[in-house]
Amino acid sequence: MFNPEGIIVAMVTPMTSDEDLDEATLRKAVNYYIDKGVQGLFCLSTNGEFFSLTYEEKIRMVEIVIDEAKGRVQVWVGTGGITTREVIKLTKEVEAMGADAVSVITPYVVSPSQEEMFVHYQRIAESVKLPIIIYNIPAKTQVSISPDIVQQLAEIDNIVGIKDSSGDFKNILQYIQLTPADFSVLSGNDGLVYWTLLAGGKGSVSGMANIFPEIMVGIYRLWKEGKYEEAKQMQDKIAPIRSTLGLNTFPSIVKTAMELSGKPVGPTRSPILMPDESIKTKVKEVINKHYLQYTSSF
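This section reports on the structure supplied with the text. Given the structure is predicted, the values throughout are model-derived calculations rather than measurements.

## Here we look at unusual backbone geometry
Across the chain, the bulk of peptide bonds are trans and the bulk of non-glycine residues have phi less than zero.
Link 1 in the chain: Phe250 connects to Pro251 through a cis peptide bond whose omega is -5 degrees.
Link 2 in the chain: With an omega dihedral of 15 degrees, the bond running from Ser270 to Pro271 counts as a cis peptide bond.
Link 3 in the chain: Positive phi is not limited to glycine here, since Leu44 has a value of about 65 degrees.
Link 4 in the chain: Tracing the backbone shows Leu44 in the loop between strand 2 (40–43) and helix 2 (55–69).
Link 5 in the chain: A relative accessible area of 2% means that Leu44 is categorised as buried.

Encoded structure:
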């Protein structure tokens, strides 16, 4: 039985200075995250700039991550898109490649109704046997899948969880309350991981785990051990670096912080630009003040 829980790193996509996929660094990153104790790897996430990658690049990235992980942890793949047809095509492809699960973002641009989102996920689930995790991130898609629709979708055998990046804890609570105990509700907001676990959620799909995986894994590990106060203290540690995320276009600050903490993964893909020196200095100051003990290289 597939059980989505723990800290799943929403991997960035390493790129060369020419904005091509940096395969060698991607392999290093896979091993780094696993060595730091994450429970899973999520490639083609929003942190991974899935929206900027070609179909061929997506397939190549999945090949590399699955090959390098070698079954040591779960490999999730983001297969979301605007149309149901394109999502099914990519989902079938990664199922054949050996992915453990897919995460499917709600359709964007078109602003589908709740009924349309239900049918979208239902059709995807019917097309494959892979476990499916719904991905709700209304700030990027302009739609939010309702708790009632999630409750209905949770009745489908291979729809096994939801990642909620709305930042609205009430929304997370409703997802938890309306779905069965074996349905995994995961926080996509790194500031809500501890609270989600306390409320009955199963963990996090974490962008911050790219930068400081020890902290994110520590929240989950301490909570599992019943060390709730220590887990809360670990949760609080992530706040300073999270406060820098709005200094430049997403996800450039994540890549910048990785570079400044010893893990260079190259630039974001245009039109997203990396931050200027003044912003990099601010991020560096935060790292030097709060995170020197957590800086480490691939």
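## Things to note about the side chain of Ser204
Link 1 in the chain: Along the chain, Ser204 turns up in strand 8 (residues 203–206).
Link 2 in the chain: Ser204 gets classed as buried once you look at its relative accessible area, which sits at 0%.
Link 3 in the chain: Separated by 3.0 Å, the side chain of Ser204 and the backbone oxygen of Ser187 make a polar contact.
Link 4 in the chain: With residues up to four places along the chain from it excluded, the contact list for Ser204 reads Gly6, Ile7, Ile8, Leu186, Ser187, Asp190 and Val193.

## Considerations on the packing of helix 1 (residues 23–35) against helix 2
Link 1 in the chain: Contact geometry for helix 1 and helix 2: axes closest at 9 Å, N-to-C directions at 45 degrees. By the angle between their directions, the pair helix 1 and helix 2 is classed as oblique. Crossing of helix 1 over helix 2 shows right-handed handedness. Of the residues in helix 2, those touching helix 1 at Glu23, Leu26, Arg27, Val30, Asn31 and Ile34 are Arg60, Met61, Ile64, Val65, Asp67, Glu68 and Ala69.
Link 2 in the chain: Looking at the contact of helix 1 with helix 2 residue by residue, the class counts come to seven nonpolar, one polar and five charged.

## Overview of the sheet that holds strand 5 (residues 132–136)
Link 1 in the chain: Taken in spatial order, the eight strands of this closed barrel run 1-2-3-4-5-6-7-8, and their pairing is parallel. Between one strand axis and the next, the sheet turns through 25 degrees on average, direction left out of account.
Link 2 in the chain: Two strands pair when backbone bridges link them, and strand 1 (residues 6–10) and strand 8 are joined in this way by four bridges, in the parallel orientation. Within strand 8, the position partnered with Ile8 by the bridge is Val205.

## Some words on the pairing of strand 8
Link 1 in the chain: Here strand 8 shows a buried face lined by Gly203 and Val205 and a second buried face lined by Ser204 and Ser206.
Link 2 in the chain: Bridge analysis of strand 7 (residues 184–187) against strand 8 gives two bridges, and the strand direction is parallel. From the neighbouring strand, Leu186 faces strand 8, where its bridge partner is Gly203.
Link 3 in the chain: Regarding the hand of the β-α-β motif, the stretch spanning strand 7, helix 8 (residues 193–199) and strand 8 is right-handed.

## Here's the deal with the packing of aromatic side chains
Link 1 in the chain: Within the structure shown, the criterion is met by ten aromatic pairs.
Link 2 in the chain: With 5.3 Å between their ring centres and 75 degrees between their planes, Tyr32 and Phe298 make a pair best called edge-to-face. Residue Tyr32 is located in helix 1, and its partner Phe298 is located in the segment after helix 13 (277–290); the two are separated by 266 residues in the primary sequence.
Link 3 in the chain: Among the residues examined, Tyr32 registers a relative accessible area of 6% and is labelled buried.

Analysis parameters
Throughout, residues of each chain are indexed from 1 in the direction in which the sequence is written. Under the rules for a predicted model, residues below a pLDDT of 70 receive no local features and side-chain atom pairs below 80 are neither given nor counted, while totals for whole chains, interfaces and linings still include all residues. No hydrogens and no water enter the side-chain calculation; it runs on all heavy atoms of the structure. Put simply, DSSP marks the helices as runs of H or I at least four residues long and the strands as runs of E at least two long, and each gets a number from the N terminus on. The buried label applies to any residue whose accessible area, calculated with a 1.4 Å probe on protein chains only, is under 20% of its type's maximum; exposed applies above 50%, and partly exposed to all values in between. Definition of a polar contact: a pair of N or O atoms within 3.5 Å, with one able to donate and the other able to accept a hydrogen when the atoms are protein atoms, and with sequence-neighbouring residues admitted only if both atoms are side-chain atoms. Contacts are residue-level and defined by heavy atoms, with any inter-residue pair within 4.5 Å sufficient. Angles shown run from 0 to 180 degrees and are taken between the N-to-C directions of axes, each axis being a line fitted to C-alpha atoms and, for helices, limited to the stretch in contact. Geometric relationships in this document are graded by angle, where less than 35 degrees denotes roughly parallel, more than 145 denotes roughly antiparallel, 65 to 115 denotes roughly perpendicular, and other angles denote oblique. If you view the pair so one helix is near and one far, a crossing is left-handed when the near helix is turned anticlockwise from the far one by less than a right angle, and right-handed when it is turned clockwise. Note on residue categories: nonpolar means Ala, Val, Leu, Ile, Met, Phe, Trp, Tyr, Cys or Pro, charged means Asp, Glu, Lys or Arg, and polar means any other residue, Gly included. Being paired, for any two strands, means DSSP has found at least two bridges between them. Here is how to tell: hold the view so the strands point away, follow the path from the first strand over the helix to the second, and if it runs clockwise the crossover is right-handed. The criterion for an aromatic pair is that two Phe, Tyr or Trp rings (for Trp, the six-membered ring) have centres within 6.5 Å, with stacked assigned to planes under 30 degrees apart, edge-to-face to planes over 60 apart and tilted to the rest.

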